[in-house]
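# Coordinates in review
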Amino acid sequence: MTLFSVCTTDTLVDAATALKSGALVAFPTETVYGLGADAQNPEAVARIYSVKGRPADHPLIVHIDSMDRMGDWAADVPAFAIALARDYWPGPMTLVLQRSAIAKDFITGGQETVGLRVPAHPLALGLLKAFHEAGGLGIAAPSANRFGAVSPTTADAVQEELESYMADTDLILDGGPSLVGVESTIIDCTGDAPRILRLGAITQEMIEETTGLVVTDATSAQSDIRVSGSLESHYSPKAKVILDVVAVAGDGLIAPDQIPTPNGVIRLMAPSTNEQYARDLYRALRLADQKGLEVVVALQPGGDGLAAAIRDRLQRAAHE
Ligand code: TXA
Ligand code: MG
């Protein structure tokens, strides 16, 4: 594995070539780092599953550089999905659409739908453009962590977590810390109106405003669509996460900045906004493990929108 801490246009062309020849390339996005493979190459995609230790029937998000390429991967794109793509791509949003013949079972987990996203990070977009120029149609990329663990928001976190599973020819591109910090909002666009499958920075209110439709939040409801992020235990550090209690000496603490740190408690973050809370959450959970803490107390933020996405991740991290 080679880590590029400075990425030039040449680096991106080399990384695109590596992807075309079947290597894995971990790359930054504005949400979290992804572990990328050529979405048309079944052997390369199989290696994503082995490096992540992920069950093979979980579908992967295909990343593309522009909404103009939706038609490559999706068979039928409703007007409201086009409106969402126009308003929020590039950005932290994944659209689930009816698949085209190009989206094979090894990408969709055997489902008739495919998840598509145009990420907003300049390195991700640069890599995608170089990959398209090299003849590729899309980069399949789950978050670059072991299955069930906390998603990485820095290149160092990817390296620490996956280095021992990656091959010599695989790459990691360092694009600095991810600015959103929680995974994209996933929206099922295969029905008459949007259904939210995973909460994120694109909120229910934003989706309703763009589409003028009533949006269902299917994240807590029963769903027959397989979303690994909807397993109850996920995004978990080794430390035990306990929500909304008073931290005692020796515990780690994640709480808004107006909450003081009790004596002997290790403050892991003190965000003053929900945006900061989301951005720094996974780094703080990783820090807890680096410090060998046994317990992390987290105080959940109140409110809708991004706060709901943060609570969703905290509750999964806390689930045993
Ligand atoms: O922000 C993100 O979405 C990041 C960055 C790297 O783009 N990616 C990410 O991928 O979080 P992953 O694989 O860790 O989570 C994607 C989720 C999975 O839970 C998967 O089940 C769901 O998206 N998914 C993918 N395709 C789907 C589909 N066709 N139908 C329903 N869910 C789908
Ligand atoms: Mg993930």
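As the structure is a prediction and not an experimental result, all values here were calculated from the model. All chains use their own residue numbering, which begins from 1 and follows the written sequence. Here the convention is simple: chains get letters from A, ligands get numbers from 1, in the order in which they are written. Only residues with pLDDT of at least 70 get local features here, since the model is predicted, and only at 80 or more are side-chain atom pairs given and counted; chain-wide, interface and lining totals rely on the full set of residues. Excluded from the side-chain calculations are hydrogens and water; all other atoms, namely the structure's heavy atoms, are used.

### Quick look at helix 4 (residues 79–88)
The cut-offs for exposure are 20% and 50% of the maximum accessible area for each residue type, with area from a 1.4 Å probe on protein chains only; residues under the lower value are buried, those over the upper are exposed, and the others partly exposed. Secondary structure follows DSSP: runs of H or I at least 4 residues long count as helices, runs of E at least 2 residues long count as strands, and numbering of each begins at the N terminus. What helix 4 keeps buried is the set Phe80, Ala81, Leu84, Ala85 and Tyr88. Seen end-on, helix 4 carries its buried residues on one side only, within an arc spanning 140°. In helix 4, the exposed positions that point more than 90 degrees away from the buried face belong to Ala79 and Arg86. We call two residues in contact whenever any of their non-hydrogen atoms come within 4.5 Å of each other. Turning to helix 4, the residues buried within the fold contact helix 3 (70–73), strand 6 (93–99), strand 10 (185–188) and helix 8 (204–211). The arc in question is the one spanned by the directions pointing from the helix axis to the C-beta atoms.

### Notes on the pattern of salt bridges
We count a salt bridge whenever a side-chain nitrogen from Lys or Arg sits within 4 Å of a carboxyl oxygen from Asp or Glu. Per the counting criterion, the structure on display carries 12 salt bridges. The partner of arginine 47 in a salt bridge is aspartate 170, with the nearest N and O atoms 2.6 Å apart. Taken together, the residues span a long stretch of sequence, with arginine 47 in helix 2 (residues 42–52) and aspartate 170 in the loop between helix 7 (155–162) and strand 9 (171–173) at a distance of 123 residues. A relative accessible area of 0% places aspartate 170 in the buried class. The salt bridge partner of aspartate 105 is arginine 99, with a shortest N-O separation of 2.8 Å. Overall, aspartate 105 belongs to the partly exposed group, its relative accessible area being 46%.

### Some details on the packing of helix 9 (residues 274–290) against helix 10 (residues 306–318)
Lines are fitted to the C-alpha atoms to define the axes, a helix being fitted only along its stretch in contact, and any angle between axes, read from their N-to-C directions, falls within 0 to 180 degrees. Two elements in contact, helix 9 and helix 10, have axes whose closest approach is 9 Å; the angle formed by their N-to-C orientations is 20°. Regarding the angle of helix 9 to helix 10, the classification is roughly parallel. Where helix 9 crosses over helix 10, the two elements pack in a sense that is left-handed. Two secondary-structure elements touch here, helix 9 through Asn274, Glu275, Tyr277, Ala278, Leu281, Tyr282 and Leu285 and helix 10 through Leu306, Ala307, Ile310, Arg313, Leu314 and Ala317. When its residues are assigned to classes, the contact of helix 9 with helix 10 shows 10 nonpolar, 1 polar and 2 charged. We call two directions roughly parallel when the angle between them is under 35 degrees, roughly antiparallel when it is over 145, roughly perpendicular when it lies between 65 and 115, and oblique otherwise. Helix crossings fall into two classes, left-handed where the near helix is turned counterclockwise from the far one by less than a right angle and right-handed where it is turned clockwise. When residues are grouped by polarity, Ala, Val, Leu, Ile, Met, Phe, Trp, Tyr, Cys and Pro land in nonpolar, Asp, Glu, Lys and Arg in charged, and all others, Gly among them, in polar.

### Some remarks on a negative patch on the surface
Without a salt bridge and with relative accessible area above 30%, a residue can belong to a patch; like charges are then joined within 9 Å and nonpolar side chains (Val, Leu, Ile, Met, Phe, Trp, Tyr) within 5 Å. Working definition of accessibility: Shrake-Rupley area with a 1.4 Å probe, residue cover restricted to the visible protein chains. In summary, the charge assignment counts Lys and Arg as positive and Asp and Glu as negative, without counting His or the chain termini. To locate a charge, take atom NZ for lysine, CZ for arginine, CG for aspartate or CD for glutamate. On the surface, a cluster of negative charge is contributed by Asp87, Glu205, Glu209 and Asp304. One can find aspartate 87 in helix 4.

### A few points about the side chain of arginine 198
Note on placement: arginine 198 falls in strand 11 (residues 195–198). Glutamate 183 provides the closest opposite charge to the buried, unpaired arginine 198, separated from it by 5.1 Å. The term polar contact refers here to a pair of N or O atoms within 3.5 Å; inside protein, the definition further demands a hydrogen-donor-capable atom paired with an acceptor-capable atom, and it admits residues adjacent in sequence only when both atoms are side-chain atoms. Within the local environment of arginine 198, its side chain forms a polar contact with the backbone oxygen of serine 184, the two atoms lying 2.9 Å apart. Apart from the residues lying within four places of it in its own chain, the contact partners of arginine 198 are Ile61, Glu183, Ser184, Thr185, Ile186, Thr219, Tyr235 and Arg313.

### Things to note about the packing of helix 4 against helix 8
Packing of helix 4 against helix 8 leaves a shortest axis separation of 9 Å and a crossing angle of 115°. Between helix 4 and helix 8 lies a crossing of right-handed hand. The segment helix 4 lies against helix 8, with Phe80, Ala83, Leu84, Asp87 and Tyr88 engaging Met206, Ile207, Thr210 and Thr211. Looking at the contact of helix 4 with helix 8, its residues break down into 6 nonpolar, 2 polar and 1 charged.

### A few points about unusual backbone geometry
Cis rather than trans, the peptide bond between tryptophan 89 and proline 90 has omega equal to -5°. Positionally, proline 90 belongs in the loop between helix 4 and strand 6. Phi at aspartate 244 takes a positive value of approximately 55°, unusual for a residue other than glycine. Relative to the assigned elements, aspartate 244 resides in the loop between strand 13 (240–243) and strand 14 (252–254).

Purely geometric stuff here, so don't read any function into it on its own.
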